[in-house]
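Next come the chains, spelled out residue by residue.
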Amino acid sequence: MALTWRCRERVLTIGERPLLMGIVNVTPDSFSDGGMYREPSAAVNHALRLVAEGAEIVDIGGESTRPGAVDVDAGEELARVLPVVEGVARRCGAAISIDTSKAEVAARAIEAGAVIVNDVSACTADARMADVVRRSGAGVVLMHMRGTPRTMQAAPRYDDVVDEVCSYLACRMAELEAAGVAREAIVVDPGIGFGKSLDHNLALLRSLRHIGECGRPVAVGVSRKSFLGALTGRGADERLAASLAALCACAAGGAHVLRVHDVRESADALSVLTGMRAGGGGESRWT
(Lines give C-alpha, C1' and ligand atoms only; values in the text may rest on other atoms or scores of the structure.)
Protein backbone atom coordinates (compact mmCIF):
# COMPACT_ATOMS: atom_id res chain seq x y z
CA MET A 1 0.00 0.00 0.00
CA ALA A 2 1.36 3.41 -0.97
CA LEU A 3 2.05 6.03 1.66
CA THR A 4 1.95 9.78 1.07
CA TRP A 5 4.04 12.57 2.56
CA ARG A 6 2.64 16.09 2.38
CA CYS A 7 5.33 18.75 1.99
CA ARG A 8 3.75 22.18 1.55
CA GLU A 9 1.99 22.12 -1.85
CA ARG A 10 3.63 18.85 -2.87
CA VAL A 11 2.60 15.31 -2.09
CA LEU A 12 5.19 12.55 -2.35
CA THR A 13 3.81 9.08 -3.01
CA ILE A 14 5.93 6.19 -1.78
CA GLY A 15 5.18 2.91 -3.50
CA GLU A 16 7.20 -0.30 -3.76
CA ARG A 17 10.41 1.64 -4.21
CA PRO A 18 11.68 3.98 -1.45
CA LEU A 19 12.39 7.61 -2.21
CA LEU A 20 16.02 8.65 -2.49
CA MET A 21 17.15 11.72 -0.56
CA GLY A 22 20.46 12.90 -1.98
CA ILE A 23 22.91 14.48 0.47
CA VAL A 24 24.33 17.96 -0.21
CA ASN A 25 26.71 18.95 2.60
CA VAL A 26 27.69 22.62 2.43
CA THR A 27 30.18 22.18 5.26
CA PRO A 28 33.93 22.03 5.84
CA ASP A 29 33.77 19.14 8.30
CA SER A 30 31.15 16.52 7.41
CA PHE A 31 32.53 13.03 8.01
CA SER A 32 32.57 11.89 4.37
CA ASP A 33 32.52 14.82 1.95
CA GLY A 34 33.29 17.83 4.13
CA GLY A 35 34.69 20.72 2.12
CA MET A 36 33.86 19.29 -1.31
CA TYR A 37 30.84 21.53 -1.95
CA ARG A 38 31.46 24.64 0.14
CA GLU A 39 31.13 26.95 -2.85
CA PRO A 40 27.45 27.56 -3.69
CA SER A 41 27.93 26.88 -7.40
CA ALA A 42 29.60 23.53 -6.67
CA ALA A 43 26.84 22.57 -4.23
CA VAL A 44 24.07 23.55 -6.65
CA ASN A 45 25.68 21.59 -9.48
CA HIS A 46 26.10 18.60 -7.18
CA ALA A 47 22.42 18.77 -6.18
CA LEU A 48 21.32 18.95 -9.81
CA ARG A 49 23.51 15.96 -10.63
CA LEU A 50 21.91 13.97 -7.80
CA VAL A 51 18.45 14.79 -9.14
CA ALA A 52 19.48 13.73 -12.64
CA GLU A 53 20.74 10.46 -11.17
CA GLY A 54 17.42 9.69 -9.51
CA ALA A 55 17.03 11.64 -6.25
CA GLU A 56 13.46 12.75 -5.57
CA ILE A 57 14.68 14.89 -2.66
CA VAL A 58 17.89 16.85 -2.10
CA ASP A 59 18.85 17.40 1.53
CA ILE A 60 20.94 20.56 1.98
CA GLY A 61 22.81 21.05 5.24
CA GLY A 62 25.20 23.70 6.50
CA GLU A 63 26.18 22.23 9.88
CA SER A 64 27.90 18.90 10.34
CA THR A 65 26.21 16.43 12.70
CA ARG A 66 29.08 13.93 12.75
CA PRO A 67 30.18 12.68 16.18
CA GLY A 68 32.07 15.44 17.97
CA ALA A 69 30.94 18.16 15.58
CA VAL A 70 31.22 21.79 16.73
CA ASP A 71 28.08 23.96 16.70
CA VAL A 72 27.65 26.57 13.96
CA ASP A 73 25.75 29.80 14.58
CA ALA A 74 22.63 30.58 12.58
CA GLY A 75 24.25 33.38 10.60
CA GLU A 76 27.03 31.15 9.32
CA GLU A 77 24.63 28.30 8.59
CA LEU A 78 22.34 30.62 6.61
CA ALA A 79 25.27 32.00 4.63
CA ARG A 80 26.18 28.45 3.64
CA VAL A 81 22.76 27.05 2.72
CA LEU A 82 20.57 29.87 1.41
CA PRO A 83 22.41 30.41 -1.91
CA VAL A 84 22.25 26.67 -2.51
CA VAL A 85 18.55 26.34 -1.71
CA GLU A 86 17.78 29.32 -3.91
CA GLY A 87 19.91 28.02 -6.76
CA VAL A 88 18.43 24.53 -6.70
CA ALA A 89 14.86 25.88 -6.43
CA ARG A 90 15.40 28.03 -9.52
CA ARG A 91 16.81 25.23 -11.62
CA CYS A 92 14.87 22.05 -10.86
CA GLY A 93 11.58 20.78 -9.50
CA ALA A 94 12.84 18.21 -7.00
CA ALA A 95 11.78 18.51 -3.38
CA ILE A 96 14.31 20.45 -1.31
CA SER A 97 14.96 19.48 2.31
CA ILE A 98 16.82 21.70 4.74
CA ASP A 99 18.91 19.73 7.23
CA THR A 100 18.86 21.94 10.32
CA SER A 101 17.80 22.12 13.96
CA LYS A 102 17.46 25.92 13.98
CA ALA A 103 14.03 27.45 13.41
CA GLU A 104 15.47 30.60 11.83
CA VAL A 105 17.43 28.59 9.28
CA ALA A 106 14.42 26.41 8.51
CA ALA A 107 12.10 29.38 8.06
CA ARG A 108 14.49 31.23 5.74
CA ALA A 109 15.18 28.09 3.73
CA ILE A 110 11.45 27.45 3.30
CA GLU A 111 11.02 31.02 2.05
CA ALA A 112 13.81 30.27 -0.46
CA GLY A 113 12.15 27.09 -1.76
CA ALA A 114 12.63 24.23 0.71
CA VAL A 115 9.57 22.07 1.41
CA ILE A 116 10.96 19.68 4.06
CA VAL A 117 12.71 20.23 7.40
CA ASN A 118 15.07 17.40 8.35
CA ASP A 119 15.75 17.94 12.06
CA VAL A 120 18.14 15.56 13.82
CA SER A 121 16.78 16.81 17.16
CA ALA A 122 13.14 15.98 16.25
CA CYS A 123 12.24 19.66 16.79
CA THR A 124 13.55 19.74 20.37
CA ALA A 125 16.73 21.83 19.95
CA ASP A 126 14.76 24.97 19.08
CA ALA A 127 11.34 25.47 20.69
CA ARG A 128 10.21 27.52 17.69
CA MET A 129 10.75 24.75 15.13
CA ALA A 130 7.35 23.08 15.48
CA ASP A 131 5.66 26.43 14.81
CA VAL A 132 7.79 26.98 11.69
CA VAL A 133 6.73 23.57 10.39
CA ARG A 134 3.08 24.17 11.27
CA ARG A 135 2.82 27.63 9.73
CA SER A 136 4.64 26.69 6.52
CA GLY A 137 2.99 23.30 6.02
CA ALA A 138 6.43 21.82 5.36
CA GLY A 139 7.15 18.14 5.65
CA VAL A 140 9.30 17.22 8.63
CA VAL A 141 11.68 14.37 9.47
CA LEU A 142 11.76 13.64 13.20
CA MET A 143 14.97 11.82 14.08
CA HIS A 144 15.97 10.09 17.30
CA MET A 145 19.28 11.16 18.79
CA ARG A 146 20.66 10.43 22.27
CA GLY A 147 22.56 13.53 23.40
CA THR A 148 24.01 16.00 20.89
CA PRO A 149 26.42 15.49 17.98
CA ARG A 150 29.25 16.57 20.28
CA THR A 151 28.38 14.01 22.99
CA MET A 152 26.19 11.34 21.39
CA GLN A 153 28.81 8.63 20.93
CA ALA A 154 30.12 8.79 24.50
CA ALA A 155 29.16 5.24 25.55
CA PRO A 156 25.45 5.27 24.58
CA ARG A 157 23.32 2.89 26.65
CA TYR A 158 19.75 1.59 26.35
CA ASP A 159 17.74 -1.07 28.15
CA ASP A 160 15.88 -1.85 24.89
CA VAL A 161 17.00 0.36 22.04
CA VAL A 162 14.12 -0.51 19.69
CA ASP A 163 11.44 0.06 22.31
CA GLU A 164 13.03 3.30 23.53
CA VAL A 165 13.47 4.72 20.03
CA CYS A 166 9.92 3.80 19.02
CA SER A 167 8.50 5.33 22.20
CA TYR A 168 10.47 8.52 21.69
CA LEU A 169 9.37 8.92 18.07
CA ALA A 170 5.73 8.23 18.96
CA CYS A 171 5.96 10.87 21.69
CA ARG A 172 7.47 13.44 19.37
CA MET A 173 4.83 12.74 16.71
CA ALA A 174 2.06 13.24 19.28
CA GLU A 175 3.61 16.47 20.54
CA LEU A 176 3.94 17.90 17.03
CA GLU A 177 0.38 16.93 16.17
CA ALA A 178 -0.79 18.61 19.38
CA ALA A 179 1.10 21.71 18.24
CA GLY A 180 -0.88 21.71 14.98
CA VAL A 181 1.48 19.90 12.60
CA ALA A 182 -0.44 17.65 10.21
CA ARG A 183 0.20 13.94 10.69
CA GLU A 184 0.57 13.61 6.91
CA ALA A 185 3.61 15.94 7.07
CA ILE A 186 5.60 13.73 9.45
CA VAL A 187 8.28 11.13 8.67
CA VAL A 188 10.27 9.36 11.41
CA ASP A 189 13.95 8.38 11.45
CA PRO A 190 15.56 6.02 14.01
CA GLY A 191 18.83 7.98 13.82
CA ILE A 192 21.38 5.35 12.82
CA GLY A 193 24.75 6.37 14.29
CA PHE A 194 23.29 9.14 16.44
CA GLY A 195 23.98 8.00 19.98
CA LYS A 196 24.07 4.29 19.15
CA SER A 197 26.62 1.50 19.28
CA LEU A 198 27.11 -1.00 16.47
CA ASP A 199 24.70 -3.43 18.14
CA HIS A 200 22.13 -0.67 18.67
CA ASN A 201 22.30 0.29 14.99
CA LEU A 202 21.89 -3.29 13.82
CA ALA A 203 18.95 -3.90 16.16
CA LEU A 204 17.17 -0.82 14.79
CA LEU A 205 17.84 -1.77 11.18
CA ARG A 206 16.36 -5.20 11.84
CA SER A 207 13.24 -3.51 13.26
CA LEU A 208 12.27 -0.98 10.58
CA ARG A 209 8.82 -2.51 10.06
CA HIS A 210 8.17 -2.27 13.77
CA ILE A 211 9.25 1.38 13.75
CA GLY A 212 6.86 1.95 10.83
CA GLU A 213 3.91 0.68 12.88
CA CYS A 214 3.46 4.31 13.94
CA GLY A 215 1.70 4.67 10.58
CA ARG A 216 4.12 7.14 9.03
CA PRO A 217 6.98 6.61 6.56
CA VAL A 218 10.38 5.68 7.96
CA ALA A 219 13.50 7.50 6.75
CA VAL A 220 16.91 5.89 7.22
CA GLY A 221 20.46 7.12 6.66
CA VAL A 222 23.13 4.43 6.44
CA SER A 223 25.29 5.80 3.63
CA ARG A 224 29.05 5.53 4.38
CA LYS A 225 28.44 5.52 8.15
CA SER A 226 30.93 4.32 10.71
CA PHE A 227 29.00 1.17 11.63
CA LEU A 228 29.69 -0.02 8.08
CA GLY A 229 33.36 0.63 8.70
CA ALA A 230 33.15 -1.40 11.90
CA LEU A 231 31.67 -4.31 9.92
CA THR A 232 34.02 -4.10 6.93
CA GLY A 233 37.19 -2.39 8.14
CA ARG A 234 36.83 0.18 5.33
CA GLY A 235 37.29 3.94 5.52
CA ALA A 236 34.45 6.34 4.68
CA ASP A 237 35.56 6.70 1.05
CA GLU A 238 35.63 2.91 0.59
CA ARG A 239 32.16 2.04 1.85
CA LEU A 240 30.11 2.13 -1.35
CA ALA A 241 29.55 -1.62 -1.52
CA ALA A 242 28.66 -1.76 2.16
CA SER A 243 26.34 1.23 1.77
CA LEU A 244 24.49 -0.42 -1.11
CA ALA A 245 24.12 -3.69 0.79
CA ALA A 246 22.70 -1.81 3.77
CA LEU A 247 20.45 0.26 1.52
CA CYS A 248 18.92 -2.85 -0.07
CA ALA A 249 18.43 -4.46 3.33
CA CYS A 250 16.68 -1.30 4.56
CA ALA A 251 14.45 -1.13 1.49
CA ALA A 252 13.50 -4.79 1.86
CA GLY A 253 13.04 -4.33 5.61
CA GLY A 254 10.53 -1.48 5.52
CA ALA A 255 12.32 1.84 4.88
CA HIS A 256 10.45 4.43 2.82
CA VAL A 257 13.04 7.22 2.43
CA LEU A 258 16.75 6.53 2.07
CA ARG A 259 19.29 9.32 2.62
CA VAL A 260 22.34 8.62 0.45
CA HIS A 261 25.53 10.13 -0.95
CA ASP A 262 25.78 7.91 -4.04
CA VAL A 263 22.45 8.38 -5.82
CA ARG A 264 23.21 6.77 -9.18
CA GLU A 265 24.49 3.57 -7.64
CA SER A 266 21.68 3.54 -5.06
CA ALA A 267 19.04 4.00 -7.76
CA ASP A 268 20.50 1.07 -9.71
CA ALA A 269 20.51 -1.12 -6.61
CA LEU A 270 16.88 -0.26 -5.88
CA SER A 271 15.90 -0.97 -9.48
CA VAL A 272 17.32 -4.47 -9.21
CA LEU A 273 15.74 -5.05 -5.81
CA THR A 274 12.35 -3.77 -6.98
CA GLY A 275 12.50 -5.85 -10.12
CA MET A 276 13.35 -8.99 -8.19
CA ARG A 277 10.60 -8.42 -5.63
CA ALA A 278 7.77 -7.25 -7.89
CA GLY A 279 8.68 -8.21 -11.43
CA GLY A 280 9.50 -4.64 -12.42
CA GLY A 281 7.71 -1.32 -12.07
CA GLY A 282 6.56 0.03 -8.73
CA GLU A 283 8.66 3.20 -8.81
CA SER A 284 7.90 6.08 -6.48
CA ARG A 285 6.33 9.09 -8.19
CA TRP A 286 5.03 12.59 -7.65
CA THR A 287 1.28 13.22 -7.47
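You'll find the structure just up there.
One structure accompanies this document, and this report is about it. (Residues numbered from 1 in each chain as written. Predicted model: local features only at pLDDT ≥ 70, side-chain atom pairs only at ≥ 80, totals over all residues. Heavy atoms only, no water.)

### Some thoughts on the side chain of lysine 102
Of note, lysine 102 is situated in the loop between strand S5 (95–99) and helix H3 (103–112). A polar contact of 2.8 Å, which involves the side chain of lysine 102, links it to the backbone oxygen of valine 72. Those residues in contact with lysine 102 that sit more than four places away from it in its chain are Glu63, Val72, Asp73, Ala74, Glu77, Asp126 and Met129. (Helix = DSSP H or I, 4+ residues; strand = E, 2+ residues; numbered from the N terminus. Polar contact = N/O pair within 3.5 Å; in protein donor to acceptor, adjacent residues only side chain to side chain. Contact = heavy atoms within 4.5 Å.)

### Here we look at the packing of helix H1 (residues 40–53) against helix H2 (residues 74–91)
Axis separation between H1 and H2 bottoms out at 9 Å; the angle between their running directions is 40°. Between H1 and H2, the interaxial angle falls into the category oblique. Between H1 and H2 lies a crossing of right-handed hand. Listed contacts from H2 to Pro40, Ala43, Val44, Asn45, Ala47 and Leu48 of H1 are Pro83, Val84, Gly87, Val88 and Arg91. Across the contact of H1 with H2, the residue classes break down as eight nonpolar, two polar and one charged. (Axes fitted to C-alpha atoms, helices over the stretch in contact; angles between N-to-C directions. Parallel < 35°, antiparallel > 145°, perpendicular 65-115°, else oblique. Left-handed = near helix turned anticlockwise from the far one by under 90°. Nonpolar A, V, L, I, M, F, W, Y, C, P; charged D, E, K, R; others polar.)

### Comments concerning the sheet that holds strand S3 (residues 19–25)
If you trace the eight strands from one edge of the open sheet to the other, you get S8-S7-S6-S5-S4-S3-S10-S9, paired in parallel fashion. The strands lining the two open edges of the sheet, one partner per strand, are strand S8 (186–189) and strand S9 (219–221). Across the sheet, the mean angle separating the axes of adjacent strands is 25° when strand polarity is ignored. Along the sheet, H1 contacts S3 and strand S4 (57–61); its crossing angle with S3, the most-contacted strand, is approximately 165°. (Pairing = 2+ DSSP bridges.)

### As for the environment of arginine 150
As for its placement among the helices and strands, arginine 150 is situated in the loop between strand S7 (139–143) and helix H5 (161–178). Overall, arginine 150 belongs to the exposed group, its relative accessible area being 51%. (Buried < 20%, exposed > 50% of the residue type's maximum accessible area, 1.4 Å probe, protein only.)

### What to know about the pattern of salt bridges
Using the criterion set out here, one finds 13 salt bridges in the structure. The closest approach of N and O atoms between lysine 102 and glutamate 63, which form a salt bridge, is 2.8 Å. Residue lysine 102 is found in the loop between S5 and H3, and its partner glutamate 63 is found in the loop between S4 and H2; the two are separated by 39 residues along the sequence. Given the relative accessible area of 17%, lysine 102 is considered buried. Glutamate 63 gets classed as buried once you look at its relative accessible area, which sits at 17%. What emerges from the salt-bridge pattern is a single network uniting Asp59, Asp99 and Arg259. (Salt bridge = Lys/Arg side-chain N within 4 Å of Asp/Glu carboxyl O.)

### Examining the nonpolar core
Membership of the largest hydrophobic core comes to 76 residues, with the highest contact counts inside it found for Val24, Ile60, Val88, Val117, Val220 and Leu258. Once you skip the residues sitting within four places of it in the chain, leucine 258 turns out to touch Pro18, Leu19, Leu20, Met21, Val220, Leu247, Cys250, Ala251 and Leu270. Trp5, Met21, Ile116 and Val187 belong to the second largest nonpolar core, which has 14 residues in total. (Core = buried A, V, L, I, M, F, W, Y, C linked by side-chain atoms within 4.5 Å.)

Keep in mind that these numbers describe shape and distance, not what the molecule does.
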